[in-house]
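Observations on the three-dimensional arrangement
Chain by chain, the residues run as shown.
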Amino acid sequence: MSEPLLKVRNLKQYFRINRKQTTKAVNGIDFEIFPGETYGLVGESGSGKSTTGRALIRLYEPTDGQIEFDGQDISGKLSKEKERFLRTNMQMIFQDPMASLNPRQRVIDIVAAGLDNFNMVKDEQEREEKVLWMLEKVGLNAEHANRYPHQFSGGQRQRIGIARALIVNPKLLIADEAISALDVSIQAQVVTLLKELQKEMGNAILFIAHDLAMVRYISDRIGVIHLGYLVETGTVDDIFNHPIHPYTKSLLSSIPQPNPLVERNKISLPYDYKTSGLDYEASQQVEVSKTHKVLCRKEDLESFGLKV
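With that out of the way, let us pick up the overall build of the chain. Helix and strand counts for the chain come out as 12 helices and 12 strands. Rg of the C-alpha trace for the chain: 20 Å, near the compact-globule value of 19 Å for 308 residues, within the 12% margin. For the C-alpha atoms alone, the extent of the chain along its principal axes is close to 65 × 50 × 45 Å. Within the chain, the proportion of its 308 residues that are buried is 48%. Excluding contacts between residues fewer than 6 apart, the proportion of contacts in the chain whose partners are at least 24 apart in sequence is 63%. When the accessible surface of the chain is totalled, it reaches about 15900 Å², and 47% of it is carbon and sulfur. Averaging the coordinates of the 39 positive side-chain charges in the chain and doing the same for the 40 negative ones gives two points 4 Å apart.

Here it is as structure tokens:
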């Protein structure tokens, strides 16, 4: 296997609420993303998945930990060179396409933002050619270039967001709940588009979502996050066919089934950390196989059905 494109070690992201209270949104997680792969990060609302994405791209200043991206350490204070390197090689697609697009700018200027900020084109003609080419790639056309965001549907606006992120040809694309604000019929279109563009452009994707069915469709490997801890990581087969952690099993049991008979007889597995008897802080990552890890203590192994 090639060297990881992204290495995250002991990443922590805390937010101070007041003098006495601090929220530990992300609490010491480790994972890697390899070139050209899609890593799905799943968990319920408030689990820390979006905070992780924002810390990686440095929208937040990480409290602790090391982030190595494409051979460069981007954990501490960034120099101008490192910031340019990060902004041109790592891009983000946000959850709400309308809130992340400037309503006063035309589409051509929104999509060209990265080209303008980092002087990546030599003249106006090259700028326009690149933007029109990128719009075509995401399923829009030249007529859309001079319109404004409010003139588009939610799915089209998200395509504009994807075009803006991909126009600088980043090595890593962070999709932060990129489909959750869209209609179900549009979600599949956007995910299929991301997969097609990834195949063509070769970028890696960190796909952050709470929809396990969609994560299963797009991901190569999956990390399950809960209360700021990465409780289980593995391939799609590991997570969906051989889940170990009770939280993972609970998430999987809540996936809606298309067959009404199966859905009616489905048993959802409840999970409450406070009464589970587990202690994330005292736990460590245990390797189940070369591709599969679970967060637990030695005394939890037997209850998880693993050999002590």
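Our focus in this paragraph is the sheet that holds strand E2 (residues 22-33). Taken together, 4 strands build an open sheet; the order of strands is E2-E1-E4-E5 and the sheet is antiparallel. Of all strands in the sheet, those bounded by a partner on one side alone are E2 and strand E5 (72-73). Helix-sheet contacts for helix H1 (residues 49-56) involve strand E1 (6-16), E2 and strand E4 (64-69), and the interaxial angle to E1 is about 110°.

On the secondary structure map, Gly202 appears in the loop between helix H7 (184-201) and strand E8 (204-209). Separated by 165 residues in sequence, Gly202 and Glu37 have C-alpha atoms that sit 8.6 Å apart. Excluding residues within four positions of it along the chain, Gly202 makes contact with Gly36 and Leu197.

What follows deals with the pairing of strand E7 (residues 172-176). Here E7 lies mainly inside the structure; 5 of its 5 residues are buried. Sheet topology note: the E7/E8 ladder contains 5 bridges and is parallel. Bridge assignment links Leu173 to a residue of E8, and that residue is Ile205. Between E7 and its parallel partner E8, the chain crosses via H7, and the hand of that crossover is right-handed.

With that out of the way, let us pick up the nonpolar core. Nonpolar side chains tend to gather and get buried jointly when the protein is soluble and globular. Membership of the largest hydrophobic core comes to 61 residues, with the highest contact counts inside it found for Ile162 and Phe207. What Phe207 contacts, discounting residues up to four positions off in sequence, is Thr38, Tyr39, Gly40, Leu41, Ala175, Ile179, Val191, Leu194, Met214, Val215 and Ile218. Leu5, Val26, Ala55 and Ile74 belong to the second largest nonpolar core, which has 28 residues in total.

As a further point, take the sheet that holds E7. Strands in a sheet are paired, the pairing made by backbone hydrogen bonds, and the direction either parallel or antiparallel. Here we have 8 strands laid out as an open sheet, ordered E6-E7-E8-E3-E9-E10-E12-E11, and mixed in their pairing. Among the strands making up the open sheet, the edge pair consists of strand E6 (90-93) and strand E11 (284-287). Neighbouring strand axes in the sheet, compared pairwise and without regard to direction, differ in orientation by 20° on average. In terms of strand pairing, strand E9 (residues 221-226) meets strand E10 (residues 229-235) through 6 bridges, oriented antiparallel. In the sheet register, Gly223 faces E10, and the bridge partner there is Thr233. This element, H7, spans strand E3 (38-42), E6, E7 and E8 of the sheet and lies at about 165° to E8.

Next up on the list: the packing of helix H5 (residues 124-137) against H7. Helix-helix packing is characterised by the crossing angle of the two axes and by the distance between the axes. Contact geometry of H5 with H7 gives a least axis separation of 11 Å together with a crossing angle of 130°. With respect to each other, H5 and H7 are oriented oblique. In this structure, H5 uses Trp133, Met134 and Lys137 to contact H7, whose residues at the interface are Leu193, Leu197, Glu200 and Met201. Residue composition of the contact of H5 with H7, by class: 5 nonpolar, no polar and 2 charged.

Conventions used here
- Residues numbered from 1 in each chain as written.
- Predicted model: local features only at pLDDT ≥ 70, side-chain atom pairs only at ≥ 80, totals over all residues.
- Heavy atoms only, no water.
- Helix = DSSP H or I, 4+ residues; strand = E, 2+ residues; numbered from the N terminus.
- Rg over C-alpha atoms; globule rule 2.2 N^0.38 Å.
- Buried < 20%, exposed > 50% of the residue type's maximum accessible area, 1.4 Å probe, protein only.
- Contact = heavy atoms within 4.5 Å.
- Areas by Shrake-Rupley, 256 points an atom, 1.4 Å probe, with all protein chains shown as cover.
- Lys, Arg positive; Asp, Glu negative; His and termini not counted.
- Charge placed at Lys NZ, Arg CZ, Asp CG, Glu CD.
- Pairing = 2+ DSSP bridges.
- Axes fitted to C-alpha atoms, helices over the stretch in contact; angles between N-to-C directions.
- Right-handed = clockwise from strand over helix to strand, strands pointing away.
- Core = buried A, V, L, I, M, F, W, Y, C linked by side-chain atoms within 4.5 Å.
- Parallel < 35°, antiparallel > 145°, perpendicular 65-115°, else oblique.
- Nonpolar A, V, L, I, M, F, W, Y, C, P; charged D, E, K, R; others polar.

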